[in-house]
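Chains, contacts and geometry: an overview
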Amino acid sequence: MIAAPADDEPLIRWDWLARNADDIGGMLADHVYLSVVPVVIGLVIALPVGLACARWRWIYPPVLAVTSLLYALPAIALFVVLIAFTGLSHTTVMIPLALYTLSVLVPGVVDGLRAVPDHVRQAAVAMGFGPLRRLVQVELPIAVPVVMAGLRVATVSNISLVSVGALIGIGGLGELFTDGFNRDFPTPIIAGVVLTILLAVAADGLLILVQRLLTPWSRQ
Amino acid sequence: MITFEGVSKRFPDGTVALDDVSLECATGEITVFVGTSGGGKTTALRTVNRMVEPTSGRVLIDGADVRDRPPAELRRGIGYVIQQAGLFPHRTIADNIATVPYLLGEGKKRARARARELMERVGLDPALAGRYPAQLSGGQQQRVGVARALAADPPIMLMDEPFSAVDPVVRGELQAEFLRLQAELHKTIVFVTHDIDEAIKMGDRIAVFRTGGKLVQFDTPKNLLAAPADDFVADFIGYDRGIRRLSFVPAAELELDDRAVLPENASVAEARATGADWVLLTDSGRRPLGWVAVSGLATDRSLQHMPRAPLGHTFNVRADSARAALDAAVLSPSGLAVGVDDDGVVVGVASPLDLTNAIGRESAR
Ligand SMILES: Nc1ncnc2c1ncn2[C@@H]1O[C@H](COP(=O)(O)OP(=O)(O)O)[C@@H](O)[C@H]1O
Ligand SMILES: [Mg+2]
């Protein structure tokens, strides 16, 4: 699918990049999709799980054990297992990434809620907040900085992990690596590395911006 | 009025935090709960707004059992101030103060306008309205805590060691300002502290708690100092309770002596004639100038030219207490306290012995 290289190449062949810009753009879009969707799914699941763990303290240790175990599993092993169920699809790559996100965000939500000072919680109760209102208007907003820190870690690590999917043919920019290695051709490899890093930096910067908008109070 | 009727609290772990406590907190007064740490003061306070439910006994507000009202609704009508202020870090100062009005459904605009008004009332610059709590000093945060408790104008305020976390100078200011505010507002206040000085300063009545949640004495500050119920209370009040009691003897009750008060142009012979060791010189308007030691004075000269010891400080016979008079006596070179009226004119002097006699008369009543 990508034009063949010649021998004795310079490190980067700009003309090759120019000729394949469209394909590379498609891979970039794919990469963003493959890394961001699992973060969103992970967050949507981590919130209620984290809330439950903060509410009923006894379920947190087992939940934490499971999420730590998930985090320790090699991505490639998960891909191979999942192929049997979901085939060579985007889903196969996104499920492990969503699980990784979950394993970072569940502790993030729990730690965030635990970071709410006891005197603040007491004051909320004493002023007549009911439990739900207290959660939504006081505890969750105060947990935002800690949750956002987890979200940044999950997003950046997902962006780097997506490339592993290239080993089963679905890896966004990672496909540039397999292509370059297969043909002993450095240009796509370097392009893949640089774009992955840029994407990670851009995503992190965006999240920092979002956090500043959400929590103007937490600076200083 | 808040009434505690045989209130006991045993926590599920077996701790007895309150043991059959009965007392009445009068409307418009500050009732202080004081005592050793773990004595049940906070627990007692929290039975009023149902943050703690008694194991037995009842708490009544103006005769109605607090358990007959839903907790959230009850709490919105009771101001609450705690040690670390408990401000919401994610809300601005104005929005923190407006918390209860918001809960009661008041509009943002009105609630914020009232918040600014309250900021001025508690001595905060309204320019701070848009800041966040972390940008304020401890003393300022505590003022916000008080403003927040006042926002919905509740008749009752519960204050749990509200000024304990700030340094002594700021604490003194906060106490004085709060008393000034209370003189205008006449809230029914329950005020918890572990500091007996603060209790005596703030309280109209003081309830002393000891470990095990026992109420050992409930009395006015004056009576507490004059007649501690037992050794625990006496120990708790401290060795200087005699001197503290002087705070409750108005200086106006002291018998002042003006025989040793002389105009500065008096002669040495006149000074000798007083029979006193020291004489106080005054100007033509009878305002005090300084002390002259009578012994060793050369004869024939006007006192004007004799070496003078500085005055030290005086006490106001109308406004001050005997404690201020004692302080003036201790710091005076002559050992005598100089009493002046509102215009600074000398009324007379008092010795520490005169002060002791005044306490004697006070306790004989
Ligand atoms: N929720 C609780 N569970 C068990 N024991 C408690 C609880 N709250 C307070 N206590 C205990 O009750 C006693 C009184 O506590 P508290 O009312 O906080 O005392 P104080 O405010 O006078 O220092 C203490 O021994 C304390 O440890
Ligand atoms: Mg306490």
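Owing to the predicted nature of the structure, the values given are computational and were not obtained by experimental measurement.

1. Considering the overall build of chain B
- Assigned secondary structure in chain B consists of 14 helices and 16 strands.
- Taking 2.2 N^0.38 as the reference for a compact globule, 365 residues should give roughly 21 Å; the C-alpha atoms of chain B span a radius of gyration of 26 Å, well beyond that estimate.
- Each of the three principal axes of chain B carries a C-alpha extent, and together these read 85 × 50 × 30 Å.
- Every one of the 365 residues in chain B was classed for burial, and the buried ones make up 50%.
- Carbon and sulfur atoms make up 49% of the accessible area of chain B, which amounts to about 16,200 Å² in all.

2. Concerning the overall build of chain A
- The secondary structure content of chain A amounts to nine helices and zero strands.
- The helix and strand sequence of chain A, counted from the amino end, reads α-α-α-α-α-α-α-α-α.
- In terms of its C-alpha atoms, chain A occupies a principal-axis envelope of roughly 75 × 40 × 20 Å.
- Burial status across chain A gives 44% buried among its 220 residues.
- By sequence separation, contacts in chain A at least 24 residues apart represent 72% of the contacts at least 6 residues apart.
- Of note, chain A has its 12 positive side-chain charges centred 22 Å away from the centre of its 14 negative side-chain charges.

3. Some details on the packing of helix α4 (residues 75–86) of chain A against helix α5 (residues 90–114) of chain A
Residues and elements named next belong to chain A.
- Relative to each other, α4 and α5 sit at 130 degrees, their axes nearing to 8 Å. Between α4 and α5, the crossing angle belongs to the class labelled oblique. By crossing handedness, the relation of α4 to α5 is classed as right-handed. Taking contact as the criterion, the partners of Ala75, Leu78, Phe79, Leu82, Ile83 and Thr86 in α4 are, on α5, Thr91, Thr92, Val93, Ile95, Pro96 and Tyr100.

4. A short note on the site of ligand 1
Residue and element names in this part refer to chain B.
- The full set of residues close to ligand 1 is Phe11, Asp13, Thr15, Ala17, Thr36, Ser37, Gly38, Gly39, Gly40, Lys41, Thr42 and Thr43.
- At a separation of 2.7 Å, an oxygen atom of ligand 1 approaches a polar backbone atom of Gly38.
- Within the contact set of ligand 1, an oxygen atom lies 2.7 Å away from a side-chain nitrogen or oxygen of Thr42.
- Burial of ligand 1 by the protein amounts to 61% of the accessible area it has alone, namely 560 Å².

5. Overview of the packing of aromatic side chains
Residue and element names in this part refer to chain B.
- Applying the stated criterion to the full structure yields eight aromatic pairs over all chains.
- Between Phe163 and Phe178 the ring centres are 6.3 Å apart and the planes differ by 65 degrees, which places this aromatic pair in the edge-to-face class. Linking Phe163 in the loop between β7 (156–160) and α7 (168–185) with Phe178 in helix α7, this pair joins segments that are 15 residues apart in sequence.
- Stacked on the ring of Tyr102, the Lys or Arg Lys108 has its end atom at 5.4 Å from the ring centre.
- Seen from the ring of Phe232, Arg210 lies directly overhead, with NZ or CZ sitting 4.5 Å from the centre.

6. Section: the domain arrangement of chain B
Residues and elements named next belong to chain B.
- For chain B, the assigned domains are domain 1 (2–246) and domain 2 (251–364).
- Taking the mean C-alpha position of each, domain 1 and domain 2 sit 43 Å from one another.
- Residue-level contacts link six residues of domain 1 with eight residues of domain 2.
- For the pair domain 1 and domain 2, the summed buried area comes to about 640 Å², and 65% of that belongs to carbon and sulfur atoms.
- Of all residues in domain 1, the largest losses of buried area upon contact with domain 2 belong to Ile243, Arg245 and Leu246, amounting jointly to 77% of the total for that side.
- Between the two partners, domain 1 and domain 2, sit zero salt bridges.
- With four residues, helix α11 (residues 241–245) is the largest single contributor of residues to the side of domain 1 that touches domain 2.

7. Things to note about the interface of chain B and chain A
- With 22 residues of chain B at the interface, the matching set in chain A holds 18 residues.
- With both chains or domains summed, chain B and chain A bury close to 1,900 Å², and 65% of this area falls on carbon and sulfur atoms.
- Contact with chain A buries area across many residues of chain B, yet B:Phe88, B:His90 and B:Leu103 alone supply 28% of it, more than any other trio.
- Here chain B and chain A share five residue pairs in polar contact (both at pLDDT 80 or more) between them.

8. Quick notes on the pairing of strand β4 (residues 56–61) of chain B
All names here are of chain B.
- Here five bridges tie strand β1 (residues 2–10) to β4, and the two strands are oriented antiparallel to one another. When the sheet's bridge partners are listed, Thr3 is paired in β4 with Leu60.
- Across two bridges, β4 lies against strand β5 (residues 64–65) in antiparallel orientation. Residue pairing in the sheet places Leu60 in a bridge with Asp65 of β5.

9. Observations regarding the nonpolar core
- One finds B:Ile97, B:Val146, B:Met159 and B:Phe178 to be the most contacted residues of the largest nonpolar core, which totals 44 residues.
- Of all the elements, helix α6 (residues 138–150) of chain B adds the most residues to this core, at five residues.
- If we skip the residues at most four places from it in the chain, B:Phe178 touches B:Ile30, B:Val146, B:Met157, B:Met159, B:Phe163, B:Ile189 and B:Met202.
- Ranked by size, the runner-up nonpolar core spans 38 residues in total, among them A:Ala123, B:Val7, B:Val48 and B:Ile156.

10. Structural notes on the UniProt feature "domain: ABC transporter" (unreviewed entry) in chain B
- UniProt feature "domain: ABC transporter" (unreviewed entry): in the numbering of this structure it lies at residues 2–237 of chain B.
- Within residues 2–237 of chain B, the helical portion is 38% and the strand portion 26%, while the C-alpha atoms at the span's ends are 26 Å from each other.

11. Quick notes on the side chain of B:Arg50
All names here are of chain B.
- Along the chain, the position of Arg50 falls in the loop between α1 (41–48) and β4.
- A distance of 3.5 Å separates a polar side-chain atom of Arg50 from the backbone oxygen of Arg67.
- Those residues in contact with Arg50 that lie beyond four places of it in its chain are Val66, Arg67, Arg69, Pro70, Pro71, Leu74 and Arg75.

12. Topic: the sheet that holds strand β16 (residues 346–350) of chain B
All names here are of chain B.
- Read from one edge to the other, the open sheet built from three strands follows the order β14-β15-β16, with strand pairing classed as mixed. Only two strands of the sheet have a single neighbouring strand rather than two, namely β14 (315–316) and β16.
- Sheet topology note: the β14/strand β15 (residues 337–340) ladder contains two bridges and is parallel. Across the sheet, the residue bridging to Phe315 is Gly339, located in β15.

Rules and cut-offs
Residues numbered from 1 in each chain as written. Chains lettered and ligands numbered in written order. Predicted model: local features only at pLDDT ≥ 70, side-chain atom pairs only at ≥ 80, totals over all residues. Heavy atoms only, no water. Helix = DSSP H or I, 4+ residues; strand = E, 2+ residues; numbered from the N terminus. Rg over C-alpha atoms; globule rule 2.2 N^0.38 Å. Buried < 20%, exposed > 50% of the residue type's maximum accessible area, 1.4 Å probe, protein only. Areas by Shrake-Rupley, 256 points an atom, 1.4 Å probe, with all protein chains shown as cover. Contact = heavy atoms within 4.5 Å. Lys, Arg positive; Asp, Glu negative; His and termini not counted. Charge placed at Lys NZ, Arg CZ, Asp CG, Glu CD. Axes fitted to C-alpha atoms, helices over the stretch in contact; angles between N-to-C directions. Parallel < 35°, antiparallel > 145°, perpendicular 65-115°, else oblique. Left-handed = near helix turned anticlockwise from the far one by under 90°. Near = heavy atom within 4 Å. Polar contact = N/O pair within 3.5 Å; in protein donor to acceptor, adjacent residues only side chain to side chain. Phe/Tyr/Trp six-rings, centres within 6.5 Å; stacked < 30°, edge-to-face > 60°. Lys NZ or Arg CZ within 6 Å of the ring centre and 35° of its normal. Domains from an automatic or database assignment. Buried area = accessible area lost by both parts, 1.4 Å probe. Salt bridge = Lys/Arg side-chain N within 4 Å of Asp/Glu carboxyl O. Pairing = 2+ DSSP bridges. Core = buried A, V, L, I, M, F, W, Y, C linked by side-chain atoms within 4.5 Å. UniProt positions renumbered as here; feature names shortened; annotations may be inferred.

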